[in-house]
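Working through the structure, step by step
Read off the chains here:
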Amino acid sequence: MILATTTRRQIITSSAALAGAASAGFLATGAQAQTSKLRVGLMLPYTGTFAQLGVAIENGFRLALNEQGGKLGGREVEFFKVDDESEPAKGIENANKLVQRDKVDAIIGTVHSGVQMGIQKVARDSGVLSIIPNAGLGAATRALCAPNVFRTSFTNSQPTHALGPVLLAKGQKKVVWISWKYAAGDESLEGFKEGFIAGGGSIVKELGLPFPNVEFQALLTEIAALKPDAVVCFFSGGGAVKFLKDYAAAGLKGKIPLYGSGFLTEGVLEAAGSAAEGVMTTLHYADSLDTPRNKAFRLAYAKAFKMQPDVYAVQGYDAGLLLIKGANAVKGDFTKKVDLYKSMGGAVIDSPRGKWTMSKAHNPIQDIYLRVVKNGENKVLSVAAKALSDSGAGCKMG
Ligand code: PHB
């Protein structure tokens, strides 16, 4: 589904204006770079189990820009939107709609790691600037890294890296892992294993189901029979709500402690209600972070969008901050790629999550928090990992 924010009439008007300017000889390339609107493509899920994640990312991104008067490096911004439906099979085609048809200067997207693979290919082939505001696909900032690709979120193994020691400290050594079977689930498991197996933990069973299925019943029955010390999972969005509710309804809540990559309890707390209370997770953000930066962000977001922000809103906001930094460094001239990428690569982002820096492979180096859901809020318990960076293994910036 295509959601064009520009009406046909506007396109015709602006291309007519461009034609006029060209014939009047105004469009020397440098001048065009400075005066025409900057074209920003949003490739996000607006339907399906991750629909709310897409909306939160767009809201956060727009908030950052609006705080700068809606401009990037002095240029007005025109948005082009594609609903990627979290459908990996359409990833390349959808990214090409933005790059080839809409001729965007930058793509902001996406949420789903499988779809990100398509964007990554298009970004590498076309050289268009790509900012990843969620998808944790490791390869994007490892073997398939690129000078024009930057991430403001995480690699899938980062949030779960610090979770193992939390369980081990409680004597919970035998666990069941459960997630959707695709890159995000698999790589979250890898991250969990890093801190859990080495410390003496064992995973008695790895359970999985295809994305975005939510038929959890048989798997929950199996968990009950296995009687592990704890259950650890990766689920997100609509699927996370269903999992939390089904876990409680199956009578497992309160009997077998449930942990997760922190996405389990992001953007879902109202819908999940009491089923989410007490669930402990690790993530690079928490609602309750007691800093002026986070409080100001939460207030501004709630005021602008009449809803509470979550980690996705923060990642979208930070994508905006990063793009603003780059655009200011080149005064809106995106043809100055070397300077643009240098500025973005050296970014220190003053984020609601806390300050973070960009690794050489263009992935955040950031703190990971241990959180618990209390009274419908993700509350910080401690910093589970300080300035955690991803290995960036295999990344060579060509
Ligand atoms: C992913 O597919 O990389 C992904 C999706 C949703 C999340 C986190 C990661 O909440």
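Cut-offs and rules
- Residues numbered from 1 in each chain as written.
- Predicted model: local features only at pLDDT ≥ 70, side-chain atom pairs only at ≥ 80, totals over all residues.
- Heavy atoms only, no water.
- Domains from an automatic or database assignment.
- Contact = heavy atoms within 4.5 Å.
- Polar contact = N/O pair within 3.5 Å; in protein donor to acceptor, adjacent residues only side chain to side chain.
- Helix = DSSP H or I, 4+ residues; strand = E, 2+ residues; numbered from the N terminus.
- Nonpolar A, V, L, I, M, F, W, Y, C, P; charged D, E, K, R; others polar.
- Phe/Tyr/Trp six-rings, centres within 6.5 Å; stacked < 30°, edge-to-face > 60°.
- Buried < 20%, exposed > 50% of the residue type's maximum accessible area, 1.4 Å probe, protein only.
- Near = heavy atom within 4 Å.
- Areas by Shrake-Rupley, 256 points an atom, 1.4 Å probe, with all protein chains shown as cover.
- 1 Å grid on protein atoms, 1.4 Å probe; cavity = no way out; pocket = protein on both sides within 12 Å on 5 of 7 lines; lining within 4 Å.
- Sits in = over half its atoms within 2 Å of the grid points.
- Points joined across faces, edges and corners; volume = space filled by probe spheres on them.

A few words now on the domain arrangement of the protein chain. Taken as a whole, the protein chain is organised into domain 1 (8-154 + 290-358) and domain 2 (158-283 + 369-388). Its C-alpha centre places domain 1 at a distance of 30 Å from the equivalent point of domain 2. In this complex, domain 1 contributes 18 residues to the contact, which on the side of domain 2 involves 18 residues. In this assembly, domain 1 and domain 2 are joined by six residue pairs in polar contact (both at pLDDT 80 or more). Per element, the largest residue contribution to the side of domain 1 that touches domain 2 is three residues, and it comes from helix 13 (residues 311-329). Partitioning the side of domain 1 that touches domain 2 into residue classes produces six nonpolar, ten polar and two charged.

Going through the model one piece at a time under the given rule, you end up with 21 aromatic pairs. With 5.2 Å between their ring centres and 50 degrees between their planes, Tyr182 and Phe211 make a pair best called tilted. With a gap of 29 residues between them, Tyr182 in the loop between strand 7 (174-180) and helix 8 (183-196) and Phe211 in the loop between strand 8 (202-209) and helix 9 (217-226) connect regions that are remote in the sequence. A single burial state applies to Tyr182 and to Phe211, both of which are buried. For the pair Phe243 and Tyr247, a centre-to-centre distance of 5.8 Å together with 45 degrees between the ring planes defines the contact as tilted. Separated by four residues within a single helix, Phe243 and Tyr247 lie in helix 10 (residues 237-249), roughly one turn from each other. For the pair formed by Phe243 and Tyr247, the shared burial category is buried. The structure contains a cluster of three or more aromatic residues connected by ring pairs, namely Phe50, Phe154, Trp180, Tyr182, Phe211, Phe216, Phe234, Phe235, Phe243, Tyr247, Phe263 and Tyr312.

The next point concerns the site of the ligand. What surrounds the ligand is a group of 16 residues, the closest being Ser113, Gly136, Tyr182, Ser236 and Tyr312. Note that an oxygen atom of the ligand is positioned 3.4 Å from one of the backbone N or O atoms of Val111. Note that an oxygen atom of the ligand is positioned 2.7 Å from one of the side-chain N or O atoms of Ser236. Its free accessible area being 280 Å², the ligand has 100% of it covered by the protein chains. At a threshold of 2 Å from the grid points, most atoms of the ligand map onto the largest cavity. Partitioning the shell around the ligand into residue classes produces ten nonpolar, six polar and no charged.

Our next topic: the layout of surface pockets. Estimated volume of the second largest pocket: approximately 650 Å³. Within the residue set of the lining of the second largest pocket, elements represented by two or more residues are helix 3 (51-66), helix 10, helix 11 (269-272), helix 12 (292-305) and strand 15 (377-388). By residue number, the principal contributor to the lining of the second largest pocket is helix 3, which donates five residues. Here the residues of the lining of the second largest pocket are counted per class, giving twelve nonpolar, ten polar and six charged.

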